[in-house]
Number of protein chains: 2
Amino acid sequence: MNIDETDKKILKELQKDARKSYRKIAEQTDISEGTAYNRIKKMQQNKIIQGYTPDIDYQKLGYDLTTIIGITGEGSQLQDLEQEIAENPHVTAVYDVTGQYDAITIAKFQNRKQLNQFIKQILKRKDVKKTYTMLTLNTIKEKHQIKL
Amino acid sequence: MNIDETDKKILKELQKDARKSYRKIAEQTDISEGTAYNRIKKMQQNKIIQGYTPDIDYQKLGYDLTTIIGITGEGSQLQDLEQEIAENPHVTAVYDVTGQYDAITIAKFQNRKQLNQFIKQILKRKDVKKTYTMLTLNTIKEKHQIKL
DNA sequence: AATGAAACCGTGGGCTG
DNA sequence: CAGCCCACGGTTTCATT
């Protein structure tokens, strides 16, 4: 599917506020509301828009510990492990990476005990050689959008 | 502000679909729609809900290069730099961290040239000693939610 | 926290270029 | 075919209780 300038404008409006009404999106992109509706629907069908997420301040909910964990594997395949990690409720991201580590995961915890359990769970696996945990001292930015 | 079980249920519904109507949220949490509306408004005022973001497949928009970059500083303060990085349109996250690096940033690019420019911009600064760039080969998960 | 009423909006059909 | 316009039922919003 090809995205044109109108689609981009629509996405930008949604980035500003994903709960914005079709009508307002239409006004701000100089199209009719039916068109806004149809284009958004199409982008959802094409999985360009995969859903809508509330930006929650997890710190206010007690998740004070954000961690970035590098994982070094033993041997070849980490896919199973990555899948398992991805399903853990504390995890927000899992990447296969080049360089120093084989995988990087980002996870949020309410306390060190939860973090500990998580790391132990990873280290239990035979395909994991070691992990390296970085604690975030301060989150300067964490908004899962890039400028279009 | 204190979050009770009802608020949590509301947040869970929004996590499933942040465009869900107040009415449906109310139905699924066994409260009236006015209550759903009032509670969500309160959580917005208290900045527990900071906004709503569309989950966009940036790869489909040409952003094929997701990078995790570790930054090592020279001397003391990296705050200015971090602020500057956070404002770059390619950047989705910036963290101050313990350990091997002083800061970690996550950024998405359409090509290596964009990445290169970004790294050069960082390295130009006197307060930066070095950077370490990890390219993601595969994104297993990147959903900026944790299970409540 | 619930009610209810007015304003606002989503959704689909039919029309137009 | 994509976009526009319209209409109706559904939804948001907020003052009131």
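The rules behind these values
Residues numbered from 1 in each chain as written. Chains lettered and ligands numbered in written order. Predicted model: local features only at pLDDT ≥ 70, side-chain atom pairs only at ≥ 80, totals over all residues. Heavy atoms only, no water. Near = heavy atom within 4 Å. Polar contact = N/O pair within 3.5 Å; in protein donor to acceptor, adjacent residues only side chain to side chain. Helix = DSSP H or I, 4+ residues; strand = E, 2+ residues; numbered from the N terminus. Nonpolar A, V, L, I, M, F, W, Y, C, P; charged D, E, K, R; others polar. Least-squares fit on C-alpha atoms with pLDDT ≥ 70 in both. Contact = heavy atoms within 4.5 Å. Expected span 1.5 Å × (residues − 1). Buried < 20%, exposed > 50% of the residue type's maximum accessible area, 1.4 Å probe, protein only. Core = buried A, V, L, I, M, F, W, Y, C linked by side-chain atoms within 4.5 Å.

Chemist: Honestly, the protein's contact with DNA strand C in this entry has me stumped. Any pointers?
Modeler: All residues adjacent to DNA strand C are Ser21(A), Tyr22(A), Arg23(A), Lys24(A), Glu33(A), Tyr37(A), Lys41(A), Arg19(B), Ser32(B), Thr35(B) and Arg39(B). In this structure, a phosphate oxygen belonging to DNA strand C sits 3.0 Å away from a side-chain N or O atom of Ser32(B). Interatomic distance of 2.9 Å between a side-chain N/O atom of Arg39(B) and a phosphate oxygen of DNA strand C. Counting only elements with at least two residues in the surface near DNA strand C, the list comes to helix H2 (22-29) and helix H3 (33-45) of chain A together with helix H3 (33-45) of chain B. In the surface near DNA strand C, the residues fall into two nonpolar, three polar and six charged.

Chemist: Hey, could you run me through the relation of the copies chain B and chain A in this one?
Modeler: Laying chain B over chain A is done by rotating through 180° and shifting 0.0 Å along the axis; what remains is an RMSD of 0.0 Å. The two molecules are tied by a two-fold rotation axis, judged by turn and shift. Mapped onto chain A, 100% of the interface residues of chain B again fall at the interface, so both copies present the same surface.

Chemist: Would you take a moment to explain the protein's contact with DNA strand D for this structure?
Modeler: Close contacts around DNA strand D come from Arg19(A), Ile31(A), Ser32(A), Thr35(A), Arg39(A), Lys42(A), Ser21(B), Tyr22(B), Arg23(B), Glu33(B), Tyr37(B) and Lys41(B), and that covers them all. Sugar plus phosphate: this is where 80% of the atoms of DNA strand D within 4 Å of the protein reside. Interatomic distance of 2.9 Å between a side-chain N/O atom of Arg23(B) and a phosphate oxygen of DNA strand D. Note that a phosphate oxygen of DNA strand D is positioned 2.3 Å from one of the side-chain N or O atoms of Tyr37(B). For the surface near DNA strand D, the secondary structure elements donating two or more residues are H3 of chain A together with helix H2 (22-29) and H3 of chain B. Partitioned by chemical class, the residues of the surface near DNA strand D number three nonpolar, three polar and six charged.

Chemist: I would appreciate a short explanation of helix H1 (residues 5-16) of chain A in the present structure.
Modeler: Residues spaced three or four apart along an α-helix face the same direction, because each turn holds 3.6 residues. Look at H1(A): 17 Å from first C-alpha to last across twelve residues, which is about the 16 Å you get at 1.5 Å a residue. By the burial criterion, the buried members of H1(A) are Asp7(A), Ile10(A), Leu11(A), Glu13(A), Leu14(A) and Gln15(A). Taken together, the buried residues of H1(A) touch H2, H3 and strand E1 (49-56) of chain A together with strand E1 (49-56) of chain B. The residue sitting at the N-terminus of H1(A) and contributing the capping side-chain oxygen is Asp4(A); that oxygen lies 3.1 Å from the backbone nitrogen of Thr6(A).

Chemist: Help me out: how do you make sense of the nonpolar core in this one?
Modeler: Soluble, globular proteins show a tendency: their nonpolar side chains are buried together. Core analysis: the biggest nonpolar cluster contains 36 residues, and Leu11(A), Leu61(A), Leu11(B) and Leu61(B) have the highest contact counts within it. Mapped onto this core, the elements with two or more residues apiece are H1, H2, H3 and E1 of chain A together with helix H1 (5-16), H2, H3 and E1 of chain B. Every residue in contact with Leu61(B), bar those within four places of it in the chain, is listed here: Ile3(A), Leu11(A), Ile48(A), Leu148(A), Ile56(B) and Gln110(B).

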